[in-house]
Amino acid sequence: MADAAKDLASGTVGGAAQIIVGHPFDTIKVKLQSQPAPTPGQPPRYAGAFDAVRQTVAAEGPKGLYKGMGAPLATVAALNAVLFTVRGQMEGLLRSDLGVPLTISQQFVCGSGAGFAVSFLACPTELVKCRLQAQGALACASTTSSVVAAVKYGGPMDVARHVLRSEGGARGLFKGLFPTFAREIPGNATMFATYEAFKRFLAGGSDTSSLGQGSLIMAGGVAGASFWGIVYPADVVKSVLQVDDYKNPKYRGSMDAFRKILKAEGVKGLYKGFGPAMGRSVFANAACFLAYEKTRSSLG
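About the thresholds
- Residues numbered from 1 in each chain as written.
- Predicted model: local features only at pLDDT ≥ 70, side-chain atom pairs only at ≥ 80, totals over all residues.
- Heavy atoms only, no water.
- Helix = DSSP H or I, 4+ residues; strand = E, 2+ residues; numbered from the N terminus.
- Polar contact = N/O pair within 3.5 Å; in protein donor to acceptor, adjacent residues only side chain to side chain.
- Contact = heavy atoms within 4.5 Å.
- UniProt positions renumbered as here; feature names shortened; annotations may be inferred.
- Axes fitted to C-alpha atoms, helices over the stretch in contact; angles between N-to-C directions.
- Parallel < 35°, antiparallel > 145°, perpendicular 65-115°, else oblique.
- Left-handed = near helix turned anticlockwise from the far one by under 90°.
- Nonpolar A, V, L, I, M, F, W, Y, C, P; charged D, E, K, R; others polar.
- Phe/Tyr/Trp six-rings, centres within 6.5 Å; stacked < 30°, edge-to-face > 60°.
- Buried < 20%, exposed > 50% of the residue type's maximum accessible area, 1.4 Å probe, protein only.
- Lys, Arg positive; Asp, Glu negative; His and termini not counted.
- Salt bridge = Lys/Arg side-chain N within 4 Å of Asp/Glu carboxyl O.
- pLDDT = per-residue confidence, 0-100.
- Expected span 1.5 Å × (residues − 1).
- Arc of directions from axis to C-beta.

On the secondary structure map, Gln242 appears in helix 9 (residues 213-242). A distance of 3.1 Å separates the side chain of Gln242 from the backbone oxygen of Lys175, its partner in a polar contact. One polar contact links Gln242 to Lys238, side chain to side chain, over a distance of 3.0 Å. Residue contacts for Gln242: discarding those within four places in its chain leaves Cys123, Glu126, Leu127, Cys130, Arg131 and Lys175.

Have a look at this one:
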């Protein structure tokens, strides 16, 4: 089997593990990010992450935590094919000799390229997911004139059909592409570089082939945490743009959304849902990298 095919298969398995472990955290993150700012003197809809979990389970049952999982799960093969295959191909281009490990800075470059490529698939997938995850909170705060907020989507395909029909065609599915770039490029660059650096730290050198499952889980968790450490505000901007009303938009673009959030809520507004996002990233990426490494090793 060719290396690209091995990366594809391993990335698919890793991505599936990542989504299954991390989706409930992601649902709470999006609910916190997309809840409208409360009127003066009124409390926000969700007091925090645990309150969002409590309200979601009370209103929709445990399955509410997995709402919108169909879109990323259905596209996990494509997303991870791009991410891990592009990274693998860039590793091959940058490697000086067969078997020589890349430097950490070269891993950073590989992660950047993979992040750029995956953004074109991640953006429409995330738009569908965010609409499904956020619609409960938005509907409670909406007026009848609010199109996106008031519409009840039946599932991922229903969201896609609505956007294609009523929100500018295919272009509507790429709403939030700029903040997606701002998240995926530096985020993946940092994550892959951190993963390799931490593995080498645990192994005491560049040969990490002897690391056990516990070490791989630890390295994946640390790498996942590093992803969100620098790009979280970009994710908040992406989420509010993707759930914004198409006909009566609150934001004119990424920078306008950034300025308005900062003005209305301060810096903390750019970190709404940070706790669930960090929890998701640690556990989900630990599962992803472990599944990827084990699958890749089994394929040779």
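That was the structure; now back to the text.
Moving on to the UniProt feature "repeat: Solcar" (unreviewed entry) in the protein chain. Per the UniProt entry, the sites bearing "repeat: Solcar" (unreviewed entry) are residues 2-93, 102-201 and 211-298 in this numbering. Secondary structure content for residues 211-298 is 76% helix and 0% strand, while the C-alpha to C-alpha distance between its ends is 15 Å.

As a further point, take the environment of Ala17. Position of Ala17 among the secondary structure elements: in helix 1 (residues 3-34). In sequence terms Ala17 and Phe289 are 272 residues apart; their C-alpha atoms lie 9.0 Å from each other. Setting aside residues no more than four positions away along its own chain, Ala17 makes contact with Ala287 and Ala291.

Where helix 9 meets helix 11 (residues 274-299), the closest approach of the two axes is 7 Å, and the angle between their N-to-C directions is 140°. Overall, the two elements helix 9 and helix 11 adopt an arrangement that is oblique. Crossing of helix 9 over helix 11 shows right-handed handedness. In contact with Gln213, Leu216, Ile217, Gly220, Gly221, Ala223, Gly224, Ala225, Phe227, Trp228, Gly229 and Tyr232 of helix 9, helix 11 contributes Phe274, Ala277, Met278, Ser281, Val282, Asn285, Ala286, Phe289, Leu290, Glu293 and Lys294. Of the residues in the contact of helix 9 with helix 11, the class split is 14 nonpolar, seven polar and two charged.

What follows concerns the environment of Val53. Summarising the element assignment, Val53 is placed in helix 2 (residues 49-60). Placed 12 residues apart in sequence, Val53 and Leu65 show a C-alpha to C-alpha distance of 7.8 Å.

Another aspect to go through is the packing of aromatic side chains. Overall, the coordinates contain 14 aromatic pairs when judged by the stated rule. Taken together, a centroid distance of 5.5 Å and an interplanar angle of 70° make the contact between Trp228 and Tyr232 edge-to-face. Placement of both Trp228 and Tyr232 in helix 9 is noted, with a separation of four residues, approximately one turn of the helix. In terms of burial, Trp228 and Tyr232 fall into one category: buried. With a centroid separation of 5.2 Å and an interplanar angle of 90°, the aromatic rings of Tyr232 and Phe274 are classed as edge-to-face. Taken together, the residues span a long stretch of sequence, with Tyr232 in helix 9 and Phe274 in helix 11 at a distance of 42 residues. An aromatic cluster is present here, built from Phe84, Phe192, Tyr195, Phe289 and Tyr292 joined pairwise through their rings.

In this fold, Asp244 is placed in the loop between helix 9 and helix 10 (254-265). No salt bridge is formed by the buried Asp244. Its closest oppositely charged neighbour is Lys175, at 4.9 Å. A distance of 2.9 Å separates a polar side-chain atom of Asp244 from the backbone nitrogen of Lys250.

On to the confidence of the model for the protein chain, then. Chain-level pLDDT for the protein chain is 87 on average; 93% of the residues reach the 70-or-more range. Across the protein chain, element-level confidence peaks in helix 8 (residues 177-203) with a mean pLDDT of 96 and bottoms out in helix 6 (residues 147-150) with 47. Taken as a whole, residues 143-150 scores under 50 in pLDDT and shows 19 contacts with residues more than four places along the chain or in a different chain.

In this section: helix 2. Along its 12 residues, helix 2 runs 16 Å from first to last C-alpha, staying within 8% of the 16 Å computed at 1.5 Å per residue. Of the positions making up helix 2, those classed as buried are Asp51, Ala52, Gln55 and Thr56. An end-on view of helix 2 places all buried positions within 130° of arc, on one side of the element. What points out from helix 2, more than 90 degrees from its buried face, is the exposed set Phe50, Arg54 and Ala58. Buried-residue contacts for helix 2 involve helix 1. Count one or two residues on from helix 2 and you reach Gly61, which has phi positive near 80°.

Moving on to the pattern of salt bridges. Side chains bearing opposite charge may pair, as long as their charged atoms lie close to each other. Counted by the stated rule, this structure contains 22 salt bridges. Here Asp51 ties to Arg54 by a salt bridge, and the two come within 2.5 Å at their closest N and O atoms. Of the two residues, Asp51 and Arg54 are both situated in helix 2; the distance of three residues between them amounts to about one turn of the helix. Owing to a relative accessible area of 15%, Asp51 belongs among the buried residues under this scheme. Judged by relative accessible area, Arg54 falls into the exposed class, the value being 52%. Residues joined by salt bridges that share partners form a network here, namely Asp26, Lys29, Glu126, Lys129, Arg183, Glu184, Asp235, Lys238 and Arg280.

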